[in-house]
Amino acid sequence: MQKQHYEKRLTRTRALTFIAALTFAGTSLETVAFGTADDMLQAPLESEFKKLDTNHDGKLSHKETARDKDFRGHFDRADSNNDGVLVSEEYSNYKSAAQQKRVEEFFDDSSVTAKIKAELIKDAGMKGLNISVETHKGLVILSGFVDNHQQMRRAVEIASGIRGVESVKNALVVKG
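Let me begin by describing the structure that accompanies this report. (Residues numbered from 1 in each chain as written. Predicted model: local features only at pLDDT ≥ 70, side-chain atom pairs only at ≥ 80, totals over all residues. Heavy atoms only, no water.)

### So, the overall build of the chain
- Secondary structure summary: the chain contains six helices and three strands in total.
- When its helices and strands are written in sequence order, the chain yields α-α-α-α-α-β-β-α-β.
- For the chain, the proportion of contacts with a sequence separation of at least 24, taken over those separated by at least 6, is 51%.
- Accessible area of the chain: about 12700 Å², with a carbon and sulfur share of 56%. (Helix = DSSP H or I, 4+ residues; strand = E, 2+ residues; numbered from the N terminus. Contact = heavy atoms within 4.5 Å. Areas by Shrake-Rupley, 256 points an atom, 1.4 Å probe, with all protein chains shown as cover.)

Shown next, in the form of structure tokens:
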């Protein structure tokens with residue numbers, strides 16, 4: 001009886017050890033397959049680099065980067081060693097910076113829009129109005145309907161007073 005109990009325990013222990021080994025092996029393979037967070041972030045840029053490298057020489061020429069809008073007119077800025085070609089690192093560094101700039105511009109525009117909307121809501125003379133606010137690179141477009149010209153001027157004045165606003169296009173319409 002004791003021998004049967006021992007054999008069951010041994011079998012169970014071996015099974016658990018086997019499962020643990022498989023789990024560990026799977027985790028190790030995942031780590032090898034995916035690498036670090038930096039590796040995962042660079043992988044898409046490396047893939048883009050390889051797609052642009054039509055002659056497969058490991059370098060990008062002016063002509064090869066022409067299909068990438070981030071490099072049009074900016075090749076020389078990306079070519080940090082001034083050798084007339086981009087290697088993967090130069091491409092990735094410049095592309096990452098360009099993408100980061102777009103993200104920052106988007107959040108800046110969103111922030112400007114939110115501030116204008118908040119100020120319009122706080123203003124007593126503007127309450128209850130449905131004014132749409134759009135911002136792109138500091139250009140604000142106001143649209144919608146207002147009750148009178150005074151409200152139209154006030155909306156433009158509020159928008160113009162927000163930091164980050166470069167200009168305001170007034171597309172507001174006075175009702176009736």
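### Observations concerning the layout of surface pockets
- In this model, the largest pocket occupies a volume close to 230 Å³.
- Surrounding the largest pocket, Lys69, Asp70, His74, Arg77, Tyr94, Ala97, Ala98, Lys101, Arg102 and Glu105 form its lining.
- Here the lining of the largest pocket is composed, by residue class, of three nonpolar, one polar and six charged. (1 Å grid on protein atoms, 1.4 Å probe; cavity = no way out; pocket = protein on both sides within 12 Å on 5 of 7 lines; lining within 4 Å. Points joined across faces, edges and corners; volume = space filled by probe spheres on them. Nonpolar A, V, L, I, M, F, W, Y, C, P; charged D, E, K, R; others polar.)

### Describing the packing of aromatic side chains
- Summed over the entire model, instances satisfying the criterion amount to three aromatic pairs.
- Relative to Tyr91, the ring of Phe49 lies with its centre 5.7 Å away and its plane at 65°, an arrangement referred to as edge-to-face. With Phe49 in helix α2 (residues 37–52) and Tyr91 in helix α5 (residues 88–122), the pair connects residues that are 42 residues apart, well separated along the chain.
- Classification of Phe49 as buried rests on a relative accessible area of 3%.
- Residue Tyr91 is classed as buried on the basis of its relative accessible area of 0%.
- On the numbers, 5.1 Å between centres and 10° between planes, the contact of Phe71 with Tyr91 is stacked. You can see Phe71 sitting in the loop between α3 (62–65) and α4 (75–78) and its partner Tyr91 sitting in helix α5, a full 20 residues away along the chain. Taken individually, Phe71 and Tyr91 each receive the classification buried, so the pair is uniform in this respect. (Phe/Tyr/Trp six-rings, centres within 6.5 Å; stacked < 30°, edge-to-face > 60°. Buried < 20%, exposed > 50% of the residue type's maximum accessible area, 1.4 Å probe, protein only.)

### Concerning unusual backbone geometry
- With a phi angle near 55°, Asn82 is a residue other than glycine that sits in the positive phi range.
- By the element assignment, Asn82 lies in the loop between α4 and α5.
- The class for Asn82 is exposed, based on a relative accessible area of 64%.
- Even without glycine at this site, Lys137 takes up a positive phi of about 50°.
- The topology assignment puts Lys137 in the loop between β1 (131–136) and β2 (139–146).
- Since its relative accessible area comes to 56%, Lys137 is described here as exposed.

### Description of the pattern of salt bridges
- In the structure shown here, the tally under the stated rule is seven salt bridges.
- A salt bridge links Lys95 to Glu48, with the nearest nitrogen and oxygen atoms 3.7 Å apart. Separated by 47 residues along the polypeptide, Lys95 in helix α5 and Glu48 in helix α2 bring together distant segments of the chain.
- Owing to a relative accessible area of 27%, Glu48 belongs among the partly exposed residues under this scheme.
- With its nearest N and O atoms 2.8 Å apart, the salt bridge here joins Asp123 to Arg154. Remark: Arg154 occurs in helix α6 (residues 149–160) and Asp123 occurs in the loop between α5 and β1; sequence separation between them is 31 residues.
- We classify Asp123 as buried; its relative accessible area is 14%.
- Salt bridges here are not isolated pairs; linked through shared partners, they connect Glu48, Asp68, Asp70 and Lys95. (Salt bridge = Lys/Arg side-chain N within 4 Å of Asp/Glu carboxyl O.)

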